[in-house]
Amino acid sequence: MPLNDPVAQPETDDSGLVAEGLPPASTRRDAGPGRRPFHGLWSALSGVVRANRTFSIILLAAALLRLIVMLGYPPAMFFNDSYNYMTDAVTKTPDVVRSDGYPLFLYVLLPFHSLNVVTGLQALMGLAMGTGIYAVLRHRGLPWWGAAIPALPVLFDVFEVQLEHMIAADVLFYALVTLVLVLLCWWDRPPLWIAVLAGLATGYATTVRTVGEPLLVIVVVAMLLRRMGWQRVVATAVAGVLPILGYMVWFHSSNGKYALDSSTGTFLYSRVQSFADCDRMDPSAKLRVLCDPRALKDRPSSQEYLWSDDTPLATLTGPNNANRFTPQIESLTMQFAERAIEKQPLDYAKVVASDTLRTFRWTREGTNDIGSSSAGNLEGSGSKFRFESPSVEAKIEAAPGWVTTDPANAHAARDFGGATYGETSVNQPWSDLLRAYQKVFYLRGPFVFLFALVGAVGVWLGIRRRTRVPGTGWGGLPLLPWLVGVALIVLPPMTAGFSYRYVLAAVPAVCLAAGLAFSGRGSLITWLRGLKRSDGEPASPEAAG
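> Any details on the overall build of the chain? Residues and values, ideally.
Scanning the chain for helices and strands turns up 29 helices and two strands. Relative to its 545 residues, the chain shows a buried fraction of 52%. Taking contacts inside the chain between residues at least 6 apart in sequence as the whole, the part at least 24 apart equals 75%. Total accessible area on the chain stands at roughly 24300 Å², and carbon and sulfur atoms take up 64% of it.

In structure tokens, the structure reads:
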């Protein structure tokens, strides 16, 4: 497989690699003063499509799939958090449970008064993520098919497509993370403004999903290890902090403290209930009320401890979920969780490892669950997270009562399309096609593991060769996306619990890392060729990287 070696090409300045095959701007056909507006842009786009004809067909197929989703289940799909997001967008009040980066996105779209606009833009984000992965890998020297394979899960995974059609923060978060990885993997040493843009996107992603809070540290550390230059590292760090600080100031104006949310302790409490043994913890009297007397084997999934009314937390706070995130409860749950981890560190490590390994199973649990409070729905794989059959009125479950009776939610209903608020129509034959499609086309757990493993080998080779090429450094190009992908797989089981929704956040990153393992000098291909030398002699250091 022929590979270009962009890593080894000379750099002329901080703008990145020398562009190949492009004549000076003054000699291009579209540079003449008499050309029609956008003629040059159209010519360039046509050239890109012709040069990537096969992938263009793949991208068209992915776009048609998303069109079928919009025709089959208009205007959007919903789960309980959807209504909170829309209400937060209308009331412009920071949420104590989850940070409001996604409601900010919804607020910008409010003037359209249409959820079709929201889901349409999220569908475009999915297409953009797949295209970005493909473009980076082509830029880094892979043939079209080698660049297309890592993009396929993002473009065609039915659960990715379904989340794009849901009023949920997930896809916006995936898109922001993928944008950061594409920008920082396109260049060895990116222009300063690209570093700033990557920082801003990382900071904004932190306000969209709580799991993104460590991302800025991971990005900055990876840039340092890649030797991308102090100016770029500092620019990314400063730009990344700005959205976070701005959000914390806004949160303080409403809740009296500088934070992104007020739910860390309660979520961690739900996590530790998978193993917490109060006989071993010996908590104080004020914490003992949070102990669950049930045997470990009889306890529900960790996320049930957040929302179910049959838990010690619910006994303490009552059925109103809002009471479970007050400052007093947050303090108690954090103390309980910290004591459980301190007294039972091995048990904590065991449940985290067990939930992490669930990521890599062949089949999904809970996919046949139809109960609205089922474990499958809590884990992002139940009926709310699948394309379902039409009911008698040809409607999926309407908005729950607590939504329709709340004045703020009623306001949001008017602003987001009135009659369609909380109701998903089911239109045949498109819905039939999607229900057949979802039985086959999704990324199985072992393939997630395979992508992560290939990326890890690429990082190992990058460490092994200790290249001094500026911008690649220790760990090579796969390092950043691989670290991000692994973090997004492991962090949810560490802080809250397992969900298939959370796993999808890691897919673009681990796929990009796997592709980059095959690109550049000292790649996985070079290493494998060295192992297969016909003379049986060990590969030279140059051949191995």
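> Which residues make up a nonpolar patch on the surface, and what values do they have?
A contiguous nonpolar patch, built from Leu 192, Val 196, Leu 200, Leu 224, Trp 230, Val 234, Val 238 and Leu 242 and spanning about 740 Å² of accessible area, is present on the exposed surface. Contributions of two or more residues to the nonpolar patch are made by helix H10 (192–208) and helix H12 (230–255). When residues of the nonpolar patch are assigned to their parent elements, the largest contribution, four residues, is made by H12. With respect to the secondary-structure elements, Val 238 resides in helix H12.

> An account of the packing of helix H9 (residues 170–186) against helix H11 (residues 215–225) is needed here, citing residue identities and associated values.
Geometrically, a packed helix pair is captured by the angle between its two axes and the distance between the axes. Contact geometry for H9 and H11: axes closest at 12 Å, N-to-C directions at 10°. Overall, the two elements H9 and H11 adopt an arrangement that is roughly parallel. Here Phe 173, Val 177, Val 180 and Leu 184 of H9 come into contact with H11, specifically with Leu 215, Val 219 and Met 223. Of the residues contributing to the contact of H9 with H11, the split by class is seven nonpolar, no polar and no charged.

> Account for helix H23 (residues 430–437), with residues named and values stated.
Within H23, the full set of buried residues consists of Ser 431, Leu 434, Arg 435 and Tyr 437. Down the axis of H23, the sector holding all buried residues measures 160°, keeping them to one side. The inward-facing, buried residues of H23 contact helix H2 (53–72), helix H7 (152–156) and helix H8 (158–164).

> Give me the nonpolar core: which residues, what numbers.
Counting residues in hydrophobic clusters, the biggest one holds 107 residues, and the most contacted among them are Tyr 102, Leu 106, Ile 167, Phe 173 and Val 484. Counting residues per element, this core draws most heavily on H9, at 13 residues. With near-sequence residues (within four places) excluded, Leu 106 lies in contact with Tyr 85, Met 86, Ala 89, Val 118, Ile 167 and Phe 416. With 20 residues, the next largest nonpolar core counts Cys 291, Ala 340, Tyr 348 and Val 351 among its residues.

> For the packing of aromatic side chains, give the residues involved together with the corresponding values.
Evaluation of the coordinates by the stated rule reveals 17 aromatic pairs. With a centroid separation of 6.3 Å and 35° between ring planes, the pair formed by Phe 267 and Phe 325 is classed as tilted. Here Phe 325 lies in the loop between helix H17 (312–317) and helix H18 (327–343) and Phe 267 lies in helix H13 (residues 264–272), a separation of 58 residues in the sequence. Each of the two residues, Phe 267 as well as Phe 325, counts as buried. Considering the side-chain rings of Tyr 437 and Phe 441, the 4.6 Å spacing of their centres and the 15° angle between planes classify their relative orientation as stacked. For Phe 441, a relative accessible area of 45% translates into the label partly exposed. Site record: aromatic cluster; members linked through ring pairs are Tyr 85, Tyr 102 and Phe 105. For the cation-ring pair, Arg 98 lies above Tyr 85, with the distance from its terminal atom to the ring centre recorded as 5.8 Å.

Thresholds, definitions, all that
- Residues numbered from 1 in each chain as written.
- Predicted model: local features only at pLDDT ≥ 70, side-chain atom pairs only at ≥ 80, totals over all residues.
- Heavy atoms only, no water.
- Helix = DSSP H or I, 4+ residues; strand = E, 2+ residues; numbered from the N terminus.
- Buried < 20%, exposed > 50% of the residue type's maximum accessible area, 1.4 Å probe, protein only.
- Contact = heavy atoms within 4.5 Å.
- Areas by Shrake-Rupley, 256 points an atom, 1.4 Å probe, with all protein chains shown as cover.
- Patch = residues over 30% accessible without salt bridge, like charges linked within 9 Å, V, L, I, M, F, W, Y side chains within 5 Å.
- Salt bridge = Lys/Arg side-chain N within 4 Å of Asp/Glu carboxyl O.
- Axes fitted to C-alpha atoms, helices over the stretch in contact; angles between N-to-C directions.
- Parallel < 35°, antiparallel > 145°, perpendicular 65-115°, else oblique.
- Nonpolar A, V, L, I, M, F, W, Y, C, P; charged D, E, K, R; others polar.
- Arc of directions from axis to C-beta.
- Core = buried A, V, L, I, M, F, W, Y, C linked by side-chain atoms within 4.5 Å.
- Phe/Tyr/Trp six-rings, centres within 6.5 Å; stacked < 30°, edge-to-face > 60°.
- Lys NZ or Arg CZ within 6 Å of the ring centre and 35° of its normal.

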